[in-house]
Amino acid sequence: MIENDTLSKVLYIDLTKKRYSVKDRKDLFEKYLGGTGVATALLHEECPEGIDAFDSKAPIIFAVGPLTGVLPLASKTCAMFKSPHTGDLGESHAGGRSAIAIRMAGYGAIVIKGKSELPIYLSISNGKVLFKNATTLWGMKDGSIAARVMRQNEKGEGLRAIFRIGQAGENMSTFANVTTETYRHFGRLGLGAVFGSKMLKGMVISGKRMIEVTNKKEYRALYDQIYKYCHFHQL
Amino acid sequence: MKLAVKDAMRCVGCQSCMFACSRRSGNAGLSNTCIGVKSAGGISRGYTVVVCRSCENPPCANVCPTGALVPKEGGGVRLIPSKCIGCGLCKDACVIDAVYWNEEQNKPAICVQCGYCVDYCPYDVLELIKD
């Protein structure tokens, strides 16, 4: 791992108690490959066997990998949860700014558990998690309006990712998705419904940190090599 | 040499320029970036790309109480980090918000008009105008 990297920090959010904590999980990030590996391990830890997908104890896990924010194209966030559609493993990936925003906010993974008694959205920046009242946003026909409200109320312009659900998620339709940055989606296996079951309307996350590199010259050369290859060659 | 936004309509918001700018220091991440790409009121409405216009009579340098921002000949400013106390007046003085902030060092991130970002824009949004 890169020294002084915040990748191994896992943000645990409890929607029932409206509390959060950060744990250093170097053990996971050194052992498992990428966001998918770590998210799988976290799901193993956090998701009780045989639990209903809409149970408050069922977790939502987002994880990113070590290359995010360091090398080109590493831009996917991996979401893991229990799928309400199949009752089996739910794994869904989305791009946009989601992965960069999580990484730049100083986390490698986010674990969301519990259930709020009123609709809320989360605002995550500068090492803080704010629980915001989303009662007025619940039930809006056009999901983009809820996103606009979050955009206007929260900071991190140009750096943030805004995750949100629409009415399908609120009504716990088992294949509802979570949209980020208007055009990107956690589309598979009903993550939106799990958001809805927790009364979680959305999440705004942003940050702007440095990832310190030991060999700066070599790093830039490697970046250029990958960037040029991706840009000028047909993959 | 002056950095300019050639065509913001072509911008897809990939942040490649922002990472390039921050990478000039040799490190990864975004803390040191002097270029900003934000949506123009939601991504469906396109992007605004904000770069330093290297003013000839720079307001950011004019408000600096410690003389840490020195106007350069031909426009733009140079930061003398040891003089900077991180008051943030320069940031507020720039009407286009082109003075970015390095939160880890609590000092402004000032564009040096090097054009490093231009080479990393896949869609020719940016250009470096030679004098």
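Our subject in this report is the structure included herewith. The shown structure was predicted, so the numbers you read here are calculated from the model rather than taken from an experiment.

### Comments concerning the overall build of chain A
Helices and strands together make up the secondary structure of chain A, namely seven helices and 13 strands. What you see for chain A is a C-alpha radius of gyration of 17 Å, in line with the 18 Å of a compact globule of 235 residues. Projecting the C-alpha coordinates of chain A onto the three principal axes gives extents of approximately 50 × 40 × 35 Å. The buried share among the 235 residues of chain A stands at 52%. In chain A, the share of contacts with a sequence separation of at least 24, taken over all contacts with a separation of at least 6, comes to 64%. Accessible surface, chain A: about 10,900 Å² in total, of which carbon and sulfur atoms supply 51%.

### With respect to the packing of aromatic side chains
Under the counting rule described, the total for this entry stands at nine aromatic pairs over all chains. An angle of 75° between the planes, with centres 6.2 Å apart, marks the rings of Phe62(A) and Phe195(A) as edge-to-face. You can see Phe62(A) sitting in strand E3 (residues 60-63) and its partner Phe195(A) sitting in helix H6 (residues 191-197), a full 133 residues away along the chain. A relative accessible area of 0% means that Phe195(A) is categorised as buried. Aromatic ring contacts, followed pair by pair, group Tyr219(A), Tyr223(A), Tyr227(A), Tyr116(B) and Tyr120(B) into a single cluster.

### A short note on the side chain of Arg160(A)
All names here are of chain A. As for its position among the elements, Arg-160 is in the loop between helix H4 (143-153) and strand E9 (161-164). Here Arg-160 occupies a buried position and makes no salt bridge, while the nearest side chain of opposite charge, Glu-157, is found at 5.3 Å. A polar atom in the side chain of Arg-160 sits 3.1 Å from the backbone oxygen of Arg-151. Leaving out residues up to four positions away in the same chain, Arg-160 has contacts with Arg-97, Ala-101, Arg-151, Glu-154, Lys-155, Glu-181, Val-204, Ile-205 and Ser-206.

### Some remarks on the interface of chain B and chain A
Between chain B and chain A, the contact holds 33 residues from the first and 27 residues from the second. Together chain B and chain A conceal approximately 2,500 Å² of surface at their shared face, both sides included; 51% is due to carbon and sulfur atoms. Taken as a group, Arg23(B), Asn27(B) and Ala28(B) account for 21% of the area that chain B buries against chain A, more than any other trio of residues on that side. On inspection of chain B and its partner chain A, the count reaches one salt bridge. For Glu157(A), the salt bridge identified is with Lys38(B), shortest N-O distance 3.8 Å. For the pair chain B and chain A, the interface holds 17 residue pairs in polar contact (both at pLDDT 80 or more). For the side of chain B that touches chain A, the elements supplying multiple residues, two or more each, are helix H1 (16-23), strand E2 (28-29), strand E3 (36-39) and strand E7 (100-102) of chain B. The element best represented in the side of chain B that touches chain A is H1(B), accounting for four residues. By the bridge criterion, two bridges tie strand E13 (residues 210-211) of chain A to E2(B) in an arrangement that is antiparallel. Each bridged residue has a counterpart across the sheet, and for Met210(A) the counterpart in E2(B) is Gly29(B).

### Some thoughts on helix H7 (residues 216-232) of chain A
For H7(A), which comprises 17 residues, the first-to-last C-alpha distance of 24 Å matches the rise-based estimate of 24 Å (1.5 Å per residue) to within 8%. The complete set of buried residues in H7(A) reads Tyr219(A), Tyr223(A), Asp224(A) and Tyr227(A). The arc enclosing the buried residues of H7(A), seen along the axis, measures out at 130°, which places them on a common side. In H7(A), the exposed positions angled more than 90 degrees off the buried face are occupied by Lys217(A), Glu218(A), Gln225(A) and Phe232(A). On the buried face of H7(A), the contacting elements are H1 and E2 of chain B.

### Re the pattern of salt bridges
Residues and elements named next belong to chain A. Inspection of the entire model under this criterion finds nine salt bridges over all chains. Lys-113 is the partner of Glu-46 in a salt bridge, and the nearest nitrogen-oxygen pair spans 3.1 Å. Here Glu-46 is found in helix H2 (residues 34-46), whereas its partner Lys-113 is found in strand E6 (residues 109-113), with 67 residues between them in sequence. Judged by relative accessible area, Glu-46 falls into the buried class, the value being 14%. Judged by its relative accessible area of 23%, Lys-113 is partly exposed. Residues joined by salt bridges that share partners form a network here, namely Arg-25, Asp-27 and Glu-45.

### A short note on the layout of surface pockets
One number sums up the size of the largest pocket: a volume of about 890 Å³. Considering the residues around the largest pocket, the lining is formed by 34 residues, among which Leu73(A), Ser75(A), Gly13(B), Cys14(B) and Gln15(B) are closest to the centre. Those elements that provide at least two residues to the lining of the largest pocket are H7 of chain A together with H1 and E2 of chain B. Examining the composition of the lining of the largest pocket, we find that five residues originate from one element, H7(A), more than from any other. Residue classes in the lining of the largest pocket are distributed as 19 nonpolar, 10 polar and five charged. The calculated volume of the second largest pocket comes to roughly 760 Å³. Contributing to the lining of the second largest pocket are 30 residues, with Gly156(A), Glu157(A), Leu159(A), Lys208(A) and Glu103(B) lying nearest its centre. Listing elements by their share of the lining of the second largest pocket, those giving two or more residues are E3, strand E4 (47-50), helix H3 (89-93) and E7 of chain B. If you tally residues by element for the lining of the second largest pocket, the top one is E3(B), at three residues. For the lining of the second largest pocket, the class distribution of residues is 10 nonpolar, 10 polar and 10 charged.

Cut-off values and rules
Residues numbered from 1 in each chain as written. Chains lettered and ligands numbered in written order. Predicted model: local features only at pLDDT ≥ 70, side-chain atom pairs only at ≥ 80, totals over all residues. Heavy atoms only, no water. Helix = DSSP H or I, 4+ residues; strand = E, 2+ residues; numbered from the N terminus. Rg over C-alpha atoms; globule rule 2.2 N^0.38 Å. Buried < 20%, exposed > 50% of the residue type's maximum accessible area, 1.4 Å probe, protein only. Contact = heavy atoms within 4.5 Å. Areas by Shrake-Rupley, 256 points an atom, 1.4 Å probe, with all protein chains shown as cover. Phe/Tyr/Trp six-rings, centres within 6.5 Å; stacked < 30°, edge-to-face > 60°. Lys, Arg positive; Asp, Glu negative; His and termini not counted. Salt bridge = Lys/Arg side-chain N within 4 Å of Asp/Glu carboxyl O. Polar contact = N/O pair within 3.5 Å; in protein donor to acceptor, adjacent residues only side chain to side chain. Buried area = accessible area lost by both parts, 1.4 Å probe. Pairing = 2+ DSSP bridges. Expected span 1.5 Å × (residues − 1). Arc of directions from axis to C-beta. 1 Å grid on protein atoms, 1.4 Å probe; cavity = no way out; pocket = protein on both sides within 12 Å on 5 of 7 lines; lining within 4 Å. Points joined across faces, edges and corners; volume = space filled by probe spheres on them. Nonpolar A, V, L, I, M, F, W, Y, C, P; charged D, E, K, R; others polar.

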